[in-house]
Amino acid sequence: MMALDVITAPVVDDGALLDSVTRAAAALMRHRRADGHFVFELEADATIPAEYVLLEHFLDRIDPELEARIGVYLRAIQGEHGGWPLFHDGAFNISASVKAYFALKAIGDDPDAPHMRRAREAILAAGGAERTNVFTRAQLALFGAVPWRAVPVMPVEIMHLPLWFPFHLSKVSYWSRTVIVPLLVLMVLRPAARNPRGIGIPELFRTPAGQVTDWIRGPYRSGWGRFFKAVDVALRLAEPLFPKATRRRAIDKAVGFVTERLNGEDGLGAIYPAMANSVMMFDTLGYAPDHPDAAIAWQSVRKLLVIEEDRAYCQPCLSPVWDTGLAGHALAEAGVSTDAACDWLHPLQITDVVGDWAVRRPGLRPGGWAFQYNNPHYPDVDDTAVVGLLLHRNGDPAYAEAIERAREWVIGMQSSDGGWGAFEPENTHHYLNHIPFADHGALLDPPTADVSARCVSFLAQIGMLPDDPVMARAVAYLRREQEADGSWFGRWGTNYIYGTWSVLCALNAAGVAHDDQAMRRAVDWLVSVQRDDGGWGEDEESYGEAAHGRYKESTPSQTAWAVLGLMAAGATDHPATARGIAYLAGTQKLDGEWTEAPYTAVGFPRVFYLRYHGYKLYFPLMALARYRNLRRGNGRRVEVGF
């Protein structure tokens, strides 16, 4: 890295900066829907499209033309290593690779075709399909590719456990809960996929699946892992003895949980894995395809498809509230009216459904927004803060009540350590991340710096004072979470750049002085990781063993975050900020947009990563417009919390 504070920074003159902002705003506006909202594609890895193909084969609802397009997509994202990564240009991942290979074989690809042979060789070299993760093995069990003993025991009687019990559904994250409940029914009834073409993948196993004896194994991250392994062994012996009547009632409870939260065409939890499991659950229970519950569950899955002329894929979920909120902030910074976006967002506030979060906060009035078009049982404080910030920024008095309800709900969702989790408070039963079913280590929703920062920004912008106990606890939490090098971890965006930007905006909004040590250390860290081209970039390896990622490629969205963070910390005139702005202006295309292939967001660290197609549009616009505004104002303090 260069010593950026001693080199001459490039300068984007006022005319070029205005042109860049104007073109970027026009480019973003081209994506606005007629009713004022924005929704961009949300792309994950090969896993979700592959699972969709297998779902069609489970149900025998095969759409050959659609599957052919999905095949084009899957082949295009195969890695040089022969398998499929979890993110753009990432390392081989065995679970994604097994699912992608299985899906392509189901579509009709010849196992002896070069791309299939390369994939098979890579899978076998990595230990074979027997070394895939729990969710992959559950999928394979449905197709008879592995025995059910390959999957950890999760008795459906879990539905009967009391709240005080060490394992209770309320003690895991919302996404885990909505995925697990219909899966419990599948695991107890053990349906066989229709699989009309009789597709199997025995060639992917180094040891025949029926002979594998160590499906549930370490390495264990702690003594809890060994303990829960012993519990799994005991449950296998005890489960056949469970009373049938108790089991029947547990299945009924699971079905009741799902049907209460079916959420129309937006689906259970509004996330693909839960929605797909609900489809298979209804099918397994004998629901006809035209039964209202079964039909709407299937429709919700189909709504996630992106179908283009020559390719198709399935999204993990939809992101309209998030996209509209963030696009609105970018437009506001550029001086474009946000009335249409705010008018669309305002009525989506959830005030009439008491969601699962109320288990930990009984009596708290609902008042949040969800990430998706509809997901009333599962609003999140991150979206609520972003929308609340935008409505407040808009200034229309008609939004005052909504802002107050959001304020009340966000305050009520603060955890005891001063931070906020995304969907629920106090979701910190960390021992549960060591059960065999949680080999992904992402069963929980504990407080994180990035989500907490957004809440601080919102509360500060609407007038909460630094000495308010809520604010004081929150800022103290953020200070504790700062890494030794000055950065902050980013749970929902990649990664330390995202976390550091988020917290710097929050500290600025909360009135922390720009010469505060936390601010200065963060600025020094951002400057130290700027790339030679003036941009910033960090890939998902920063969630693994690599120290703060491999900074091998600059991206528009991460460069924008870094620049926004620097400006929030009072470093508008720093050479690093000027170089970042020059990078954004210089990489902008003539149509006002940017190109960004790398993934810069995360679903579950180390397991599931995301590429928001809107990030490359609204974040660069936000950064360029703010830089223009601060330069016009002779470097005044950033006045908004975002």
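For the structure, see preceding data.
Fair warning: this is a prediction, and the values are worked out from it, not measured in the lab. (Residues numbered from 1 in each chain as written. Predicted model: local features only at pLDDT ≥ 70, side-chain atom pairs only at ≥ 80, totals over all residues. Heavy atoms only, no water.)

Asks: Which residues make up the overall build of the protein chain, and what values go with them?
Replies: For the protein chain, the count of helices and strands is 22 helices and five strands. In terms of overall size, the protein chain behaves like a compact globule, its C-alpha atoms giving a radius of gyration of 25 Å where 642 residues would be expected to give roughly 26 Å. Taking the principal axes of the C-alpha coordinates as reference, the protein chain spans close to 75 × 60 × 50 Å. Every one of the 642 residues in the protein chain was classed for burial, and the buried ones make up 62%. For the protein chain, contacts bridging at least 24 residues in sequence account for 74% of all contacts bridging at least 6. As presented, the protein chain carries roughly 23100 Å² of accessible surface, and 54% of it is formed by carbon and sulfur atoms. Here the protein chain holds 62 positive side-chain charges and 76 negative ones, and the gap between their average locations is 5 Å. (Helix = DSSP H or I, 4+ residues; strand = E, 2+ residues; numbered from the N terminus. Rg over C-alpha atoms; globule rule 2.2 N^0.38 Å. Buried < 20%, exposed > 50% of the residue type's maximum accessible area, 1.4 Å probe, protein only. Contact = heavy atoms within 4.5 Å. Areas by Shrake-Rupley, 256 points an atom, 1.4 Å probe, with all protein chains shown as cover. Lys, Arg positive; Asp, Glu negative; His and termini not counted. Charge placed at Lys NZ, Arg CZ, Asp CG, Glu CD.)

Asks: Could you give me a rundown of the side chain of glutamate 130, with the residues and numbers involved?
Replies: Positionally, glutamate 130 belongs in the loop between helix H5 (114-125) and helix H6 (134-142). One buried charge, glutamate 130, has no salt-bridge partner; the nearest side chain with opposite charge is arginine 131, at 5.3 Å. At 3.2 Å, the side chain of glutamate 130 and the backbone nitrogen of arginine 206 are in polar contact. Here the side chain of glutamate 130 touches threonine 207 through a polar contact of 3.0 Å, landing on its backbone nitrogen. Excluding residues within four positions of it along the chain, glutamate 130 makes contact with Arg137, Leu204, Phe205, Arg206, Thr207, Val212 and Trp215. (Salt bridge = Lys/Arg side-chain N within 4 Å of Asp/Glu carboxyl O. Polar contact = N/O pair within 3.5 Å; in protein donor to acceptor, adjacent residues only side chain to side chain.)

Asks: Would you mind going over the packing of aromatic side chains in detail, with residue names and values included?
Replies: Under the defined criterion, the tally for this structure stands at 35 aromatic pairs. Taken together, Phe38, Phe40, Trp322, Phe371, Tyr498, Trp501, Trp561, Tyr612, Tyr615, Tyr618, Phe619 and Phe642 form an aromatic cluster joined through their ring pairs. Arginine 491 extends its terminal NZ or CZ atom over the ring of tryptophan 492, reaching a point 3.8 Å from the ring centre. (Phe/Tyr/Trp six-rings, centres within 6.5 Å; stacked < 30°, edge-to-face > 60°. Lys NZ or Arg CZ within 6 Å of the ring centre and 35° of its normal.)

Asks: Which residues make up the pattern of salt bridges, and what values go with them?
Replies: All told, the structure shown has 30 salt bridges when counted by the stated rule. A salt bridge links glutamate 260 to arginine 261; the shortest N-O distance between them is 3.4 Å. The class for arginine 261 is buried, based on a relative accessible area of 11%. A salt bridge links arginine 626 to glutamate 333, with the nearest nitrogen and oxygen atoms 2.8 Å apart. Here the residue arginine 626 occupies a position in helix H22 (residues 615-632), and glutamate 333 occupies one in helix H12 (residues 320-333), the gap between them amounting to 293 residues. Exposure remark for arginine 626: the relative accessible area of 2% places this residue in the buried category.

Asks: Outline the sheet that holds strand E1 (residues 42-43), listing residues and values.
Replies: In spatial order, the strands read E1-E5-E4; together these three strands make up an open sheet with antiparallel pairing. At either end of the open sheet lies a strand with only one pairing partner, and these are E1 and strand E4 (601-604). Sheet analysis places E4 next to strand E5 (residues 608-612), joined by three bridges and oriented antiparallel. From the neighbouring strand, alanine 601 faces E5, where its bridge partner is leucine 610. (Pairing = 2+ DSSP bridges.)

Asks: Give me the lowdown on the pairing of E5, citing residues and values where you can.
Replies: The element E5 is largely enclosed, with a buried count of five among its five residues. Side chains Phe608, Leu610 and Tyr612 project from E5 onto one buried face, and the interleaved Tyr609 and Arg611 project onto a second face that is buried too. Taking the residues that link successive antiparallel strands as the turn, the E4-E5 hairpin has three residues, and the phi of arginine 606 there is positive, at about 75°.

Asks: Describe in detail the state of the cysteines, supporting the description with residues and values.
Replies: Taken as a whole and assessed by the stated rule, the structure comprises zero disulfides. Cysteine 317 takes part in no disulfide bond, and the closest cysteine sulfur, belonging to cysteine 314, lies 10 Å away. Looking at the unpaired cysteine 342, the closest cysteine sulfur is the one in cysteine 505, lying at 19 Å. (Disulfide = S-S within 2.5 Å.)

Asks: I'd like a description of the side chain of threonine 178, backed by residues and values.
Replies: Topologically, threonine 178 is positioned in helix H7 (residues 174-189). Relative accessible area serves as the criterion here: at 0%, threonine 178 is assigned to the buried category. From its side chain, threonine 178 meets the backbone oxygen of tryptophan 175 in a polar contact 3.2 Å long. In contact with threonine 178, not counting residues within four places along its chain, are Phe257, Leu268, Gly269, Ile271, Ala274 and Tyr378.

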